Amino acid sequence: MLGNDILAFIRPEMLVLIPVLIILGLMLKKATYIEDWTIPIILGGIGIILAILILGFAEDFTGEIILNGILQGILAAGMAVYVHQLTIQTRSQKRGMAL
C-alpha cells in the first residue's frame, strides 16, 4: 500500500494534521530527553486527540465521531511517519549514489 492509497482513507479536513505532526515529530527528534522509538507513539496520541477535537467541534462529540477521530488520527500519524522516513531514505540513497 502506497502513500496515495492511504490518503484515500483520510478525510480532507484531516490533511492539515499531517504537516503539523511532521513538524512536531521534528521538534521531538531534537529533544534530548525523548528516545527516538517513542516519537511515533507520541505522534499517534497527539494525532488522535487533535483529530477527535477537529471532528468533534465540526460536528458533535458522538461515539461515531470519536471512533472516526481515533482512526483518522492514527492514519494521519502514520502518514507523518511515512513521509519522514521516506525523506530520510531518499536522502541516504542519494548520498550513497554520489559516493
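Residues numbered from 1 in each chain as written. Predicted model: local features only at pLDDT ≥ 70, side-chain atom pairs only at ≥ 80, totals over all residues. Heavy atoms only, no water.

## Focus: a nonpolar patch on the surface
Then, in step 1: On the surface, Ile49, Leu53, Phe57, Phe61, Ile66, Ile70 and Ile74 cluster together into a nonpolar patch covering about 650 Å² of accessible area.
Then, in step 2: For the nonpolar patch, the secondary structure elements donating two or more residues are helix H3 (39-58) and helix H4 (63-98).
Then, in step 3: Along the chain, the position of isoleucine 70 falls in helix H4. (Patch = residues over 30% accessible without salt bridge, like charges linked within 9 Å, V, L, I, M, F, W, Y side chains within 5 Å. Areas by Shrake-Rupley, 256 points an atom, 1.4 Å probe, with all protein chains shown as cover. Salt bridge = Lys/Arg side-chain N within 4 Å of Asp/Glu carboxyl O. Helix = DSSP H or I, 4+ residues; strand = E, 2+ residues; numbered from the N terminus.)

## Brief notes about the pattern of salt bridges
Then, in step 1: Scanning the entire structure with this criterion turns up three salt bridges.
Then, in step 2: Among the ionic pairs, glutamate 13 bridges to arginine 11, the shortest N-O distance being 2.6 Å.
Then, in step 3: Assessed through its relative accessible area of 35%, glutamate 13 is described here as partly exposed.
Then, in step 4: Aspartate 36 is the salt-bridge partner of lysine 29, the closest N and O atoms lying 2.9 Å from each other.
Then, in step 5: Among the residues examined, lysine 29 registers a relative accessible area of 42% and is labelled partly exposed.
Then, in step 6: Bridged by salt links that share partners, the residues Arg11, Glu13 and Glu59 form one connected network. (Buried < 20%, exposed > 50% of the residue type's maximum accessible area, 1.4 Å probe, protein only.)

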